[in-house]
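# A look at the structure
These are the residues of each chain, in order.
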Amino acid sequence: MTIRRASKNDIPALSELLRQVCNVHYQGRPDLFRPDGTKYTPDQLTELIEDDSRPIFVADTENGVKGYAFCVFKQHLHDTCVTDIKTLYIDDLCVDELCRGQHIGRQLYEYVLQFARESGCYNVTLNVWSCNPSAIQFYESCGLVPQKIGMEKIL
């Protein structure tokens, strides 16, 4: 397996994996997510792939792309409240549902950590839905700890 930056040729595989992620979220929160939706259109994916401030990495196997990590550099320079640290935010990380348990997610995560270090980042952050306990367990096994908690009151 090779982990590399995504290319336009990866858009069909990325779209399928985005659909899988949406369905996991739909199963947990059908009030918020649509079945078989995707977070990005093919045109939006094309723009993201070309944007160096939002790197996308794919886990490429002999059987095609089996995982991805969508990332975003964040930095609040000269903010009056928060420090100037540079963060790499993992906007989305997914492994093909047929390949889970094969350590592809761990390898993607470790690759992202190394990329963040080489890019001068202070930390790596992400959000995880509380309705996805397997993702929470995975991230905890990678050493991540809660930084903040989002809360809601459904009206």
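The following refers to the structure shown. (Residues numbered from 1 in each chain as written. Predicted model: local features only at pLDDT ≥ 70, side-chain atom pairs only at ≥ 80, totals over all residues. Heavy atoms only, no water.)

## Structural notes on the pairing of strand β4 (residues 86-95)
Here is the rule we go by: For the exposure calls, accessible area comes from a 1.4 Å probe over protein chains only, and a residue counts as buried if that area is under 20% of its type's maximum, exposed if over 50%, partly exposed in between. Per the convention used, a helix needs a DSSP run of H or I reaching at least four residues, while a strand needs a run of E reaching at least two, with both numbered from the N terminus. Following DSSP output, two strands are said to pair if at least two bridges run between them.
Buried residues dominate β4, accounting for nine of its ten residues. Note: strand β3 (residues 64-75) against β4, nine bridges, orientation antiparallel. In the strand pairing of β4, A69 is matched with L93. Inspection of the sheet shows β4 paired to strand β5 (residues 123-126) by four bridges, in the parallel sense. Of the residues in β5, the one forming a bridge with L88 is V124.

## Details of the packing of helix α1 (residues 11-28) against helix α2 (residues 42-49)
The relative placement of two packed helices is expressed as an angle between their axes plus a distance between the axes. The line we're drawing: A fitted line through C-alpha atoms serves as each axis, taken over the contacting stretch for helices, and the angle formed by two N-to-C directions is quoted from 0 to 180°. Angles below 35 degrees are treated as roughly parallel, those above 145 as roughly antiparallel, those between 65 and 115 as roughly perpendicular, and all remaining angles as oblique. Crossing handedness follows the turn of the near helix against the far one: under a right angle anticlockwise gives a left-handed crossing, and clockwise gives a right-handed one. By definition in these notes, contact holds between two residues if any of their heavy atoms fall within 4.5 Å.
Where α1 meets α2, the axes come as close as 10 Å, and the angle between the chain directions of the two elements is 115°. Taken together, the axis directions place α1 and α2 in an arrangement best described as roughly perpendicular. Two packed elements cross with a definite hand, and for α1 against α2 that hand is right-handed. Contacts between α1 and α2 involve I11, L14, S15 and L18 from the first element and P42, L45, T46 and I49 from the second.

## Remarks on the packing of aromatic side chains
By convention here, two paired aromatic rings are described through the distance between centres and the angle between planes. How we decide: Ring pairs are drawn from Phe, Tyr and Trp, using the six-membered ring of Trp, whenever the two centres fall within 6.5 Å, and their geometry is named by plane angle: stacked under 30 degrees, edge-to-face over 60, tilted for the rest. Both a distance and an angle decide whether a charge sits over a ring: NZ of Lys or CZ of Arg must be within 6 Å of the ring centre and within 35 degrees of the ring normal.
Taken as a whole and assessed by the stated rule, the structure comprises seven aromatic pairs. When the centroid spacing of 5.8 Å and the interplanar angle of 40° are considered together, the rings of F73 and F115 count as tilted. Remark: F115 occurs in helix α3 (residues 104-118) and F73 occurs in strand β3; sequence separation between them is 42 residues. Looking at F115, the relative accessible area reads 18%, which means it is buried. Of the aromatic side chains, those joined through ring pairs into one cluster are F57, F73, Y111 and F115. In this structure, K74 is placed above the aromatic ring of Y89, and the distance from its NZ or CZ to the ring centre is 4.3 Å. The ring of F73 has K86 lying over it, and the distance from NZ or CZ to the ring centre is 4.9 Å.

## Observations concerning α1
Inclusion rule: For a helix, the expected span equals 1.5 Å multiplied by the number of residues minus one.
A rise of 1.5 Å per residue sets the reference length of α1, with its 18 residues, at 26 Å; its end C-alpha atoms lie 26 Å apart and thus fit the reference within 8%. Those residues of α1 lying buried are I11, L14, S15, L17, L18, Q20, V21, C22, N23 and H25. Looking at the buried side of α1, the elements it contacts are α2, β2 (56-61), β3 and β4.

## Topic: the sheet that holds strand β1 (residues 2-5)
Here we have five strands laid out as an open sheet, ordered β1-β2-β3-β4-β5, and mixed in their pairing. Each edge of the sheet is formed by a strand with only one pairing partner; in this case those strands are β1 and β5. In this sheet, adjacent strand axes meet at a mean angle of 30° when their direction is disregarded. Its contacts with the sheet put α1 on β2, β3 and β4, and the angle it makes with β3 is roughly 80°.

## Some details on the side chain of D10
The line we're drawing: Under this definition, polar contacts are N or O atom pairs within 3.5 Å; protein pairs additionally need one hydrogen-donor-capable and one acceptor-capable atom, and for neighbouring residues in sequence, both atoms have to be side-chain atoms.
Relative to the elements of secondary structure, D10 occurs in the loop between β1 and α1. D10 gets classed as buried once you look at its relative accessible area, which sits at 5%. Side-chain polar atoms of D10 contact the side chain of R4, separated by 2.8 Å. Look past the residues within four positions of D10 in its chain and what remains in contact with it is R4, R5, V58 and V65.

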